[in-house]
Amino acid sequence: MGDDAYPTRKSTADHSDSSNPADGVPFQSPPPHYLVPEGVTSPTLTQISLKPSSPPPRSSSDSLARSPASKHRDSIPLTAERRDTLSTIPSDGVSLVEPSFDENVLRALCELDCGVPLLLDRIKQSLVSCREASVFFKKRAALEEEHGKSLQKLARSTSELYSMSDGKAGSFVAAWQSSMRLHELMAENRIHFAHRLNEMSEELASLAKEVDKNRKQTKELSSRYERALQEAEMNMEKCKARLEVSSEELERVLLQKEGESLSESAVQAKPGVLGGKRVLGKAVAKGGLLLKGKNPGNILRQEDDIRLRVSNASDSYRKALNDTQAMRQEYFNFQLPRILRALKECVDEIDLGTKYHLTRYAFLFESIVLSDGSTLVPISPEEEGSGLKALFEAIDNRADFKTYMQNYAYARGGVAKGPRREGPAEEGFLPPLPTHNSSYGAAQPPQSAANGNTHVADRGRPTFGVDLAEQMTRDQVELPPILEKCCVAIEKYGIRSQGIYRISGMARRVGILRERLDKDMNSVDLDSEEWTADINNVTSVLKMWFRELPEPLLTFNLHQGFVDAAKIENDRLRHIRLHERVNDLPDSNYATLKYFMGHLHKIAQCEADNSMSIQNLAIVFGPTLFGQVSNGSTSGHANVTMADAPYQNRAIETILEHYTDIFVDESEATT
């Protein structure tokens, strides 16, 4: 998600250089207590020496305009990124700060005596909050990554182990493997979420580090400005004290010269003179040399010397006062607002950055939860696939068990286990049940009409257990009569029956119908209520007829060819190869297969009513149409193993899916 990256923060060095105070633009409307009188200049800015005589008055803006380089700024350099943090406001209405910056807040901070420590403490709080969020993201990322990797490992190992185990097959294994893939998808989403959290944690840590660095630099800059101002004020106080002492000495000399006593001068102190009783007391204490000797010549020399010292002290004091006032004006009108703005920008930067990442975290968290929800319950199952619940609900235990029964019987067919169930009816045995043994029909002797089940006369034209080509040649037909008879009845009475061909009929009724059809097919009326009441008896007899063919419908010779074609993964190529194998069938087998596939195609078209899809029909008729070689067979045909069962079903499924392409000519389709 590259578009949700933290936006590029605007560098504080992007402001215009026109905001430099050295450009001489006066500050607009400074706080009243920050104003200084005109005529005060700062030698730290101008480096112009003052003469003992009073210089002409000059405004601070003139001093700023004439100074090519500020001595004060040279001694306390300002970093480039902080250089134009705050620009002055000229009288023509140019904004002091950028429109997005809250100017009122800046002015309120300038009014406070504690503006700088306030912002420094606020940045500390914001740094703590930012670092806490960064640590939380990092720990949360570690948990999500561990969860995602563990879930991914579990899903993959479970899927691999199940594929090597003896668990259930069929619809269950398909649902199980699909559910494991869903878990892998959710695990990948969690790992991706963890990576995003790590990125956010690193960005917040980097932001906190950068803001902390800027805070320290700005704090050091503010401290240096304050120290410089304090030093200037201390220097001014020293100059003032020297001026006071020199003035006291001068006053005493003047009193000595005029011959006034010390006591009288103490009482009659002139207004406007710096001295007084207290001052003269100090002069007497500190200027003992003036009391020595009262020679007029010495007094005059002393007066000239002291006047010179008073003049120098006065010039020094005036210069120190002007320097201090100019420095105070520059600090409060220019440097302090710039420092406050820089600190406020740091506060805004880290507060906005923390808020952005928290909002981004909330968005990502919502996205991962919604992603898990849409994975479990897709909004459009047709496009996104089935959800977890739908996958497990699609498990068809009945169909799985039916397939398992068939495969189990084929794998162990011909081996007698348990009590014998078939035998002569006069000995109390029940009629024969459907069997998977292809030699059943040949092994069973014809039943006589005296067995008590039926009185149909045997015409001597058996159908069950007789070679397909032989019975079609014998009856001089293009299709086996039993196939046409049963399919017509099934399409007429059972095409919409639930689970048609999957549900078996009653064993006794199936045995009776088989015997009647085998003795005299024409005498059996499948339209009678006897057989239409339970059409599953008819479907079971038809499946039994296919299974009892001496050679299966798809023949032993072509069995391996069909299996090899079914193993092809490419759908188009598999269809072509199976079409070629179908064309290789003998004429009688091809005609029978074509008719029967057309019948199953009609059954599949009513899937909404009978729940028999092409896949379900392929599972039922895969083993039936491919048949099985008896264990005692000595023929050269390859034995049909259990491993071929899935490919047999796949072959039938592909043939059914492409029934029209394989069997229906264009001329037949138009008619």
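Note that residues are indexed from 1 along each chain, following the sequence as it is written. This being a predicted model, a pLDDT of at least 70 is required before a residue's local features are given, and a value of 80 or more before pairs of side-chain atoms are given or counted; all residues contribute to the totals for chains, interfaces and linings. Excluded from the side-chain calculations are hydrogens and water; all other atoms, namely the structure's heavy atoms, are used.

### Considerations on the layout of surface pockets
Then, in step 1: Whether a set of points on the 1 Å grid over the protein atoms alone is a cavity depends on a 1.4 Å probe fitting there but being unable to get out, while an open set qualifies as a pocket with protein on both sides within 12 Å along at least five of seven lines; lining residues are those with an atom within 4 Å of a point. Grid points are joined across faces, edges and corners, and a volume is the space filled by probe spheres set on the points. Each pocket or cavity is described by its volume, and for the second largest pocket that value is around 1200 Å³.
Then, in step 2: Residue lining of the second largest pocket: 37 residues in total, with Ala169, Gly170, Ser171, Val173 and Asp400 positioned closest to the centre.
Then, in step 3: Where the lining of the second largest pocket is concerned, the elements lending two or more residues are helix H5 (115–163), helix H6 (171–258), helix H12 (397–411), helix H23 (614–626) and helix H24 (645–657).
Then, in step 4: Secondary structure elements are taken from DSSP: a helix is a run of H or I of four residues or more, a strand is a run of E of two residues or more, and numbering for both begins at the N terminus. Take the lining of the second largest pocket: its biggest share by element is seven residues, from H12.
Then, in step 5: Amino acid classes used here: Ala, Val, Leu, Ile, Met, Phe, Trp, Tyr, Cys and Pro are nonpolar; Asp, Glu, Lys and Arg are charged; the rest, including Gly, are polar. Along the lines of polarity and charge, the residues of the lining of the second largest pocket split into 17 nonpolar, 13 polar and seven charged.

### Notes on the pattern of salt bridges
Then, in step 1: Salt bridge, as applied in this entry: a Lys or Arg side-chain nitrogen positioned within 4 Å of an Asp or Glu carboxyl oxygen. For the structure shown, the criterion picks out 34 salt bridges.
Then, in step 2: Glu249 is the partner of Arg309 in a salt bridge, and the nearest nitrogen-oxygen pair spans 2.9 Å. Note that Arg309 is positioned in helix H9 (residues 296–376) and Glu249 in helix H6, a separation of 60 residues in sequence.
Then, in step 3: The cut-offs for exposure are 20% and 50% of the maximum accessible area for each residue type, with area from a 1.4 Å probe on protein chains only; residues under the lower value are buried, those over the upper are exposed, and the others partly exposed. On the basis of relative accessible area, Arg309 is assigned to the partly exposed category, the value being 37%.
Then, in step 4: The exposure class of Glu249 is buried, given its relative accessible area of 13%.

### Some points on the packing of aromatic side chains
Then, in step 1: Pairing of aromatic rings covers Phe, Tyr and the six-membered ring of Trp, with a centre-to-centre limit of 6.5 Å; geometry is then stacked below 30 degrees between planes, edge-to-face above 60, and tilted otherwise. Enumeration according to the criterion identifies 17 aromatic pairs in this entry.
Then, in step 2: Arranged with centres 5.6 Å apart and planes meeting at 40°, the rings of Tyr659 and Phe663 form a pair that is tilted. In this pair, Tyr659 and Phe663 both sit in helix H25 (residues 659–663), four residues apart, roughly one turn of the helix. The pair Tyr659 / Phe663 is uniform in exposure class, with both members buried.
Then, in step 3: An aromatic cluster is present here, built from Phe136, Phe137, Phe193, Tyr361 and Phe365 joined pairwise through their rings.
Then, in step 4: The rule is short: NZ of Lys or CZ of Arg within 6 Å of the ring centre and within 35 degrees of the ring normal puts a charge over the ring. Sitting above the plane of the Phe365 ring, Arg140 keeps its charged end 4.4 Å from the centroid.
Then, in step 5: Over the face of the ring belonging to Phe464 we find Arg514, whose NZ or CZ atom lies 4.8 Å from the ring centre.

### Considerations on the packing of helix H19 (residues 559–566) against H24
Then, in step 1: Orientation is described by axes fitted as lines to C-alpha atoms, over the contacting stretch for helices, and by angles from 0 to 180 degrees between their N-to-C directions. Two elements in contact, H19 and H24, have axes separated by 8 Å at closest approach and are oriented at 80°. By the angle between their axes, H19 is roughly perpendicular relative to H24. For the pair H19 and H24, contact is made by His559, Phe562, Val563 and Ala566 and by Tyr647, Gln648, Arg650, Ala651 and Ile655, respectively.
Then, in step 2: Of the residues belonging to the contact of H19 with H24, the class tally is six nonpolar, two polar and one charged. Here the angle decides the label: under 35 degrees means roughly parallel, over 145 means roughly antiparallel, 65 to 115 means roughly perpendicular, and every other value means oblique. We call two residues in contact whenever any of their non-hydrogen atoms come within 4.5 Å of each other.

### As for a nonpolar patch on the surface
Then, in step 1: The patch calculation keeps residues exceeding 30% relative accessible area without a salt bridge and links them within 9 Å when they carry like charges or within 5 Å when they are nonpolar (Val, Leu, Ile, Met, Phe, Trp, Tyr). For the area figures, the Shrake-Rupley method with a 1.4 Å probe applies, and any residue is considered shielded solely by the protein chains shown. Taken together, the side chains of Phe401, Tyr404, Met405 and Tyr408 define a hydrophobic patch exposed on the protein surface, amounting to about 450 Å² of accessible area.
Then, in step 2: Mapped onto the elements of the fold, Phe401 is located in helix H12.

### Focus on the packing of H19 against helix H20 (residues 571–583)
Then, in step 1: Two numbers describe how H19 lies on H20: the axes approach to 8 Å, and their chain directions differ by 170°. Taken as axis vectors, H19 and H20 run roughly antiparallel relative to one another. Along the contact surface, H19 presents Gly561, Phe562, Ala565 and Ala566, while H20 presents Arg574, Arg577, Leu578, Arg581 and Val582.
Then, in step 2: By residue class, the composition of the contact of H19 with H20 is five nonpolar, one polar and three charged.

### Observations regarding H20
Then, in step 1: Any helix carries an expected span of 1.5 Å times its number of residues minus one. For H20, spanning 13 residues, the distance from its first C-alpha to its last is 18 Å, which sits close to the expected 18 Å at 1.5 Å a residue.
Then, in step 2: All of the buried residues in H20 are Arg574, His575, Leu578, Arg581 and Val582. One face of H20 carries all of its buried residues, which in axial projection span an arc of 125°.
Then, in step 3: Close packing links the buried residues of H20 with H19, helix H21 (587–605), H24 and H25.
Then, in step 4: Contacts described as polar in this section are N or O atom pairs within 3.5 Å, which, within protein, must combine one atom able to donate a hydrogen with one able to accept it, while residues neighboring in sequence count only if both atoms come from side chains. Backbone nitrogen of Arg572 and a side-chain oxygen of the N-cap are separated by 3.1 Å at the start of H20; the cap is Asn570. Picture the helix axis, draw a direction to every C-beta atom, and the arc is the one those directions span.

### Some words on the confidence of the model for the protein
Then, in step 1: Per-residue pLDDT for the protein has a mean of 75; in total, 69% of the residues score no lower than 70.
Then, in step 2: Note on scores: pLDDT gives the predictor's confidence for each residue, bounded by 0 and 100. The model gives residues 1–99 a pLDDT under 50, and that stretch makes 183 contacts with residues more than four places away or in other chains.
Then, in step 3: Here residues 260–292 scores under 50 on pLDDT; set against residues more than four positions off or in separate chains, the count is 34 contacts.

### Section: the nonpolar core
Then, in step 1: In this structure, Tyr501, Leu542, Phe596, Met597 and Leu625 are the most contacted members of the largest nonpolar core, which totals 58 residues.
Then, in step 2: Remark: nonpolar core denotes a set of buried residues (Ala, Val, Leu, Ile, Met, Phe, Trp, Tyr, Cys) joined through side-chain atoms within 4.5 Å. Counting residues in each nonpolar core, the second largest holds 38 residues, with Leu120, Leu221, Ala232 and Leu336 among its members.

### As for the environment of Lys319
Then, in step 1: Its place among the elements puts Lys319 in helix H9.
Then, in step 2: The sequence separation of Lys319 and Met236 amounts to 83 residues, and the corresponding C-alpha distance is 8.5 Å.

### Points about the environment of Ser374
Then, in step 1: Within the element layout of this structure, Ser374 appears in helix H9.
Then, in step 2: Between the C-alpha atom of Ser374 and that of Gly387, which follows or precedes it by 13 residues, the distance is 8.1 Å.
Then, in step 3: From its side chain, Ser374 meets the backbone oxygen of Ser371 in a polar contact 2.9 Å long.

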